[in-house]
Amino acid sequence: MSAFVKNKLKEARDAITKKDYAKAQAAASTVLEYDPDNYNANVFLGVAYLELREIEKSEQAYRKAIESSPDQILAWQGLSKLYERTEKWDKYAEVLQNMAWMFLKAQDAVKCAETLQKFIELRRSKGTPLQVADVLALLLPESKFYPLLSTLPAPDPTNPTGSSTFETQIAMQNSLPILEEIVSILEQHEEETIKNEIAKRRTRLNASGPEQLKREVGREVWGPSKLPALYNEIMNHPNTSDELRRQTESKLLRHKQQLLYALPATGQHASEKARLRTEVQEMINGMVLISVPDELAWALFIEWKDVETIEGYDLDILRKYMLLFPTTSLSKLLHAYFGYAGILLSEDSDDDESQKEEPVSNDDVDYMEAIVDAFNNSGNLVVAHRIVAEVYENEEDLENAIKVAESGLELVIRHEKNVGSGLPLVAKAFNVILGVALVDLYPPKHHARALGILDEVLAQDADNVRCLMGRAYVLQYAKKWSDAAELFSRVVQLIPDDMDDGLRAREELAWCKAQSGDPDGGAKALREVLDTLDTLEGREHDQARCWWRLGKCYWDIGDATREDAYQHFITSLKRDPAFAPAFTSLGIYYSEFASPPDPKRAAKCFQKAFELDPREGEAARRLAEGFAEDREWDLVEVVARRTIDGEGGMDGGVDSGPPARYLPLNAWAWKAIGVVDLNRQQYGTAIQAFQIALRTDVDDQLSWLRLGEAYSKAGRYAAALKALNRARELDANDWIASYFIGEVQRQMGHYDEAIAAFEDILKTQPAELGVLISLAQTHLQQGRAQFATAYTARAEASYIATIQVVMRLMESSPGFRILAWKLAGDALFCLSQLMSYADDDLVADTVHQVTALLRQHPQNRLDGIVSFASSPDGLSGPSLSLRSLEMAIASYDYRATLGSLDDIAGASCHFDLATTLTTYARRIIPGPKQDRVIEAAISSYKEAISLDPTNDEFWHAFANACFSSQPRVAQHAFIKALEIDSKKASTWTDLGLFYLHHEDPVLANEAFYKAQILDPDYSLAWVGQGLVATVNGHDKEAMALFEHAVGLTSPVPGADVEFAKRLFKTLGTAGDRTSPDSIYPAFFVLDRYVKQHPQDANALHLFSLVCESIGQRELAVDLVQRAITILETAYEESEDPIIERQFTIAHTNLGRLRLSLQDYDGALEAFQVALGLLPEDDPEQTTRVLLSEVHFGSGLASFKLGRFEEALVSFETALESSADHTVVRGHVTVLLAQTLWALGTEEGRESAKAQLLQSISSDPENLIAVNTLAGMGILTDDDSLVDAALSEILALPLQERLERDPEGHVSYLLIQHHLGQGDVRQAISVAQAAVAAQPWKPGIRRRLASLLLRSGDAKSALAILESASTAEEHDLYQARESLGLQAIAYAQTADGGREAHRLAQKSVMLQPAALFNWQALAYTRNVSNA
């Protein structure tokens, strides 16, 4: 067997050599049949399969060989060849790595190096950069391969191809390039990882801020990074150059610094952060020590220093930094600062003065500008902020000093967070600058904030001179002179010989003494200070201040030394001509003490003082008072605003947040600004100004009054009332506060309270015109509000009150006539909108008073339009309303003749006149007079537009006036109005109506849609869309639109009528399918409409029909009679045939209503009137129908009155009149048959049957006749007649039967027929069939339930009723119709007594007029009691 295997293996090897792979595969397979684990056979088989392109089998063979002998290399080599050929690079890399380890184990350096070279080449071409770095690391000294690979001979640079391991030999000789490549890869990988991870996490919900996110990601990447170790290897490598070592050291510093900043200062990372901080500190110390030119190291070395002064940073270090990095922003900043401070750029140890550099000082260089420019480019450096804050403080640029110091403190906090250790001395230095600057910036505005900062520094350093001085200044401003003196005294003790702060402290100590009530002692001390101060050069300002203070001391001593004070003020100005307080004191001297007083010189002194320093409040106040006396109000405003700017304005000169509340030094300035802003309608700033002014005196009544006025004009009414009530509390006798309160109440819509307030004022100020005007306006606005809510009687009283107040105003003063006649015209116009009045006599008397006044000023252009000859006495209703409108026209016309102050007011006059004329034209009958009125209206509109062409309302009204008569002009006017204001829904709506009127529904719909977008609650836009839907034949959508329109808060009267008409028509054709409750919306909207338009005959007529449909017949009779009266009057004026027809129809309906009320005489009278107006020979169909109805109604009335012959004649005439109208004839026939049947005679009954049979034969689809005939058969127990009547319709298919009889009348008759015969079962069967045919009909379900209850099957009845209740739960009518039956059904169950009683009570509550519900309640009570 062994020989056989060897032979086959040899055969397979020879076949492979000869490339006969099929034979090799067969031989190797034969071997494996005998020895499945034969290593060589599996290898040969893998080779054969590979060459035969059977890759999977080849891989299986190699894997099986490896399993049998994993330490042999041959199968691994074959497998690597397979993966390389099939480009399975990951598996190829895995095999190469295993082979390298096998060669390492076998200590075959060459094979191992060759394999690693293949592995590296594979990763370079097919792998990722990170995989390249991992495989390159196998060549480093830390690798386990390094000992074996280092045994390779040294490379021969002259013959690189002579060795297959040349690259590895080179790496063994010098690993530095490998290290550099790995570092480069890892650096790029970390940078990309951080960038991508930040971008990914930023999109998450609740993501951290950018800075915190960078810290978190950086901590995750830099923490486990291999780069620090690799950097150290490079720096320690013997082949590393000095330049590379410095570059690597810089990289290591940056890497550690980044990780240090990313680590949190608390928690588990605190110790690691401390260790890193120490390492970074050691690195930067070493780099600075040997002057390594690494900018970051030097910057960190300087930044991390905790020193109190600039000199503490070590000027030599700063000089070296400037020398090493001359182009950096910090270097430029330091260079400029050295020049600014006069510091030498270098210190030379040589004593030769010629070798020393002079201080950096060049008069041609602007060091301040250089410092600012460098600072703007220096970034967030603490040392830069230290220098710039100190420079700004020295330059007395306090606002910028504060900003830079605040920014510096933020940097100190950030440094502590980044590094883990604070900079307390640096923070203290920033706080000193900040606190002192806040003391001096617009004192005492920021003193509260400054005190907190100064106290914090003094708690750390109790002898800090600058903070002691700052705190003392704060106490001085608070007039706590003794406390301030203690602090100044302490400073004097600390630095007695100092010529800056020490000498200033002595001066301030003397001043505190003088202000504490000892001017003599203060003067003596100031003399001592002056003895020293006058000897110092460059201290002119300090000398002027000290001399002025000495003069103030002499001034306070008394009149005897005032001249000495004057001389000292002069001396002060000699020392410094720009010292403003001295000018103020001189001005006071000239105005109050000089003899004689010299006000001109005093004014010049005050003006000079104010020009030099706006903080001179006394000079500003006296200057403003002088300007006010001269009525130079613009100059008063300028002085006040500059005085406020001197205080720091609203923000105090600091943008870091709103300043704390403080007491202003010059409240008068804030009051003046408040009044100016109030007059300029800048109410927000006016409110602020008055609020600040009130801080100084909370009991200043005038300021509270002005504040309330500003609040009211800004629309903040609640705040206005509080302020005005406070003003009234402070001065109860000031009626102005009460007046403003009334005005606010008027603007809020509290008209009763406003009227009461104005009337209270008039009790003490009866002739105050402004109050009378406001009272009239309030009455007018109240009337309009009442009219809008349908309180017409109240509105009438308010309009009359308006006119009465206006008459009182005219009697009190001839002035304000334009405004008075405007109010009178508005009130009369509003009064004319009412068609009936609660007190006709009072209205007539009021109109008469206005007429009497207007008669004295007749206007020619009203000739033929308005007549003053007739008196309104005796007029009522519409005639009185029309007279009111005529007087409104006359009022507006007279107002237009009075002239106006400007074009705007004149345009308003003409517009009011035109609007009233347009309304008047609609109220009068067509004719020459109406044409004149329209012409006058259009002329007035044109006049208004010419005076004010930018008013869109004028163009809009003008377009409406030309709506139908001049369509091109109207369209132009509409578009012009929209150009001026395209956001008005009313203009777009009227434009839509214009397009609709001129038969362009597409443009109309677009205009209505635009109006709805602008104002979804504008009712007329919805009405317009409803009209468009009607034009397009979309009646259902139109109905929905009208329904929405009438439900909005501002209803359109025309929409009410249109909606009611459509709803009434819908209910008239819907039959029993709609609940009768659905008609109530029409009732309510018509009730609202007729109250406002009682003369609309069509609306009254429609309202009467609606009332008839809900059972309110008496009201219906009253309404139709009112309509008849109006139509009769209108017909007498115009003799219009349309009105005549409406009059006829109204009488016909009146007759029918009287029949239903059993007023047969009245009904006959109404029918006779209608009959007299209808021509007998008119072939028009509507006339024939009316004739039929009138004749039949007359016949029915005659029948009820016992006039049978007249009744029969009328019935026959009715039949003749309806001969050509099948439906009407059918109805008349049925009614005639019912009348004949009602006679009670056999002849009458037979005649009735004959009439019905004849009608059915001529019109087989007359279901009413069929049902009536069947009913007669049921009443007479004539089964043959019932069958004859119903057989045809019962034989029809179900669908056709339901179409003819949708309400189930046939089923009802059959049920009644079977019940009449006592066959309840058959009746139930018919009802069940009806329910099966129409299960959605609640009436049919109730009918079946009633039959089941009659048969004693309460459970089935209850089941049917409850199944119907789900569908009925949204229909109150159907639900309440079922409640009584449900109660009876529950009462017949075993335990349903309680529920039955509850349902019966509910049915009575919902329908108290329904007898059946009361019977159900009685039944359930009896059952419960039993």
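Residues numbered from 1 in each chain as written. Predicted model: local features only at pLDDT ≥ 70, side-chain atom pairs only at ≥ 80, totals over all residues. Heavy atoms only, no water.

It is worth spelling out the overall build of the protein chain at this point. The helix and strand inventory of the protein chain stands at 72 helices and 0 strands. Its C-alpha atoms give the protein chain a radius of gyration of 55 Å, more than 25% over the compact-globule value 35 Å for 1426 residues. Counting only C-alpha atoms, the protein chain reaches 155 × 150 × 75 Å along its principal axes. Put simply, the protein chain has 1426 residues, and 48% of those count as buried. Computed over 141 positive and 208 negative side-chain charges, the inter-centroid distance for the protein chain is 5 Å. (Helix = DSSP H or I, 4+ residues; strand = E, 2+ residues; numbered from the N terminus. Rg over C-alpha atoms; globule rule 2.2 N^0.38 Å. Buried < 20%, exposed > 50% of the residue type's maximum accessible area, 1.4 Å probe, protein only. Lys, Arg positive; Asp, Glu negative; His and termini not counted. Charge placed at Lys NZ, Arg CZ, Asp CG, Glu CD.)

With that out of the way, let us pick up the side chain of R386. Position of R386 relative to the elements: it lies in helix 20 (residues 382-394). No salt bridge forms around the buried R386; measuring N to O, its nearest opposite-charge neighbour E390 is 5.1 Å away. With near-sequence residues (within four places) excluded, R386 lies in contact with V307, E308, T309, I310, Y313, V426, A429 and F430. (Salt bridge = Lys/Arg side-chain N within 4 Å of Asp/Glu carboxyl O. Contact = heavy atoms within 4.5 Å.)

Time to look at the pattern of salt bridges. Taken as a whole, this structure holds 60 salt bridges when the rule is applied. One salt bridge in this structure joins E953 and K984, with 3.3 Å as the shortest N-O distance. In this pair, E953 sits in helix 47 (residues 952-961) while K984 sits in the loop between helix 48 (967-980) and helix 49 (985-997), placing the two residues 31 residues apart along the sequence. Residue E953 is classed as partly exposed on the basis of its relative accessible area, which comes to 41%. With a shortest N-O distance of 2.8 Å, E1058 and R1062 are connected by a salt bridge. One end of the pair, E1058, and the other, R1062, are both in helix 53 (residues 1053-1070), 4 residues apart, so they sit about a helical turn from each other. On the basis of relative accessibility, which here comes to 15%, the residue R1062 falls in the buried class. One salt-bridge network, in which partners are shared between bridges, spans D500, R504, E507, E508, R539, D542, R545 and R549.

The end-to-end C-alpha separation of helix 58 (residues 1160-1173) is 20 Å, in line with the 20 Å expected for 14 residues at 1.5 Å each. Of the positions making up helix 58, those classed as buried are Y1160, G1162, A1163, L1164, A1166, F1167, A1170 and L1171. Elements that come into contact with the buried residues of helix 58 comprise helix 57 (1137-1156) and helix 59 (1181-1200). (Expected span 1.5 Å × (residues − 1).)

Our focus in this paragraph is the packing of aromatic side chains. This model, assessed by the stated rule, comprises 26 aromatic pairs. Judged by centre distance (6.1 Å) and plane angle (65 degrees), the ring pair of W555 and F593 falls under edge-to-face. Separated by 38 residues along the polypeptide, W555 in helix 28 (residues 540-557) and F593 in helix 30 (residues 580-593) bring together distant segments of the chain. Pairing Y566 with Y589 gives two aromatic rings, centres 4.5 Å apart and planes at 25 degrees, and the pair type is stacked. A residue pair is termed long-range when its members are at least 10 positions apart, and Y566 in helix 29 (residues 562-575) and Y589 in helix 30 qualify at 23 residues. Of the two residues, Y566 and Y589, neither departs from the other in class, the shared state being buried. Pairwise contacts between aromatic rings join W555, Y566, F569, Y589, Y590 and F593 into one cluster. For R642, the ring lying beneath its charged end belongs to F610, and the centroid distance is 5.1 Å. Taking NZ or CZ as reference, R794 lies 4.4 Å from the ring centre of Y791, over its face. (Phe/Tyr/Trp six-rings, centres within 6.5 Å; stacked < 30°, edge-to-face > 60°. Lys NZ or Arg CZ within 6 Å of the ring centre and 35° of its normal.)

Moving on: the nonpolar core. Counting 117 residues, the largest nonpolar core has Y313, L333, F430, F488 and Y590 as the members making the most contacts within it. It is helix 22 (residues 424-440) that contributes the most residues to this core, 10 residues altogether. Setting aside residues no more than four positions away along its own chain, F488 makes contact with M469, A472, Y473, Q476, A505, E508, L509 and C512. Among the nonpolar cores identified, the runner-up in size contains 77 residues, and Y39, A75, L140 and A262 belong to it. (Core = buried A, V, L, I, M, F, W, Y, C linked by side-chain atoms within 4.5 Å.)

A cis amide bond, omega 0 degrees, links P443 with the succeeding residue P444. By the secondary structure assignment, P444 is in the loop between helix 22 and helix 23 (447-460). One non-glycine residue, S291, lies in the positive phi region at around 60 degrees. Looking at the element boundaries, S291 is found in the loop between helix 15 (270-289) and helix 16 (295-303). Residue S291 is classed as partly exposed on the basis of its relative accessible area of 31%.

So, about helix 68 (residues 1338-1350). Taking 1.5 Å of rise per residue, the 13 residues of helix 68 would be expected to cover 18 Å, and the 18 Å separating its terminal C-alpha atoms lies within 8% of that figure. After helix 68 finishes, the residue G1352 shows a positive phi value of roughly 90 degrees.

Next up on the list: the packing of helix 8 (residues 129-136) against helix 11 (residues 176-201). It is at 9 Å that the axes of helix 8 and helix 11 come closest, and there the two elements cross at 150 degrees. In this view, helix 8 runs roughly antiparallel relative to helix 11, as classed from their interaxial angle. Read as a crossing pair, helix 8 and helix 11 show a hand that is left-handed. From helix 8, P129, L130, V132, A133 and L136 reach across to helix 11, where they touch I178, E181, I182, I185, L186 and H189. (Axes fitted to C-alpha atoms, helices over the stretch in contact; angles between N-to-C directions. Parallel < 35°, antiparallel > 145°, perpendicular 65-115°, else oblique. Left-handed = near helix turned anticlockwise from the far one by under 90°.)

Moving on to the side chain of H1101. Tracing the sequence through the fold places H1101 in helix 55 (residues 1097-1109). Judged by relative accessible area, which is 12%, H1101 ranks as buried. With residues near it in sequence (within four places) discarded, H1101 still touches V1120, A1123, Q1142, I1145, A1146 and N1149.

It is worth spelling out the confidence of the model for the protein chain at this point. Summary statistics for the protein chain give a mean pLDDT of 83 and a share of 92% for residues scoring 70 or more. With pLDDT under 50 throughout, residues 656-660 is counted as low confidence; its partners more than four residues away or in other chains account for 5 contacts. Ignoring residues within four places in sequence, the model shows residues 1070-1074, a span with pLDDT below 50, making 4 contacts including any to other chains. (pLDDT = per-residue confidence, 0-100.)

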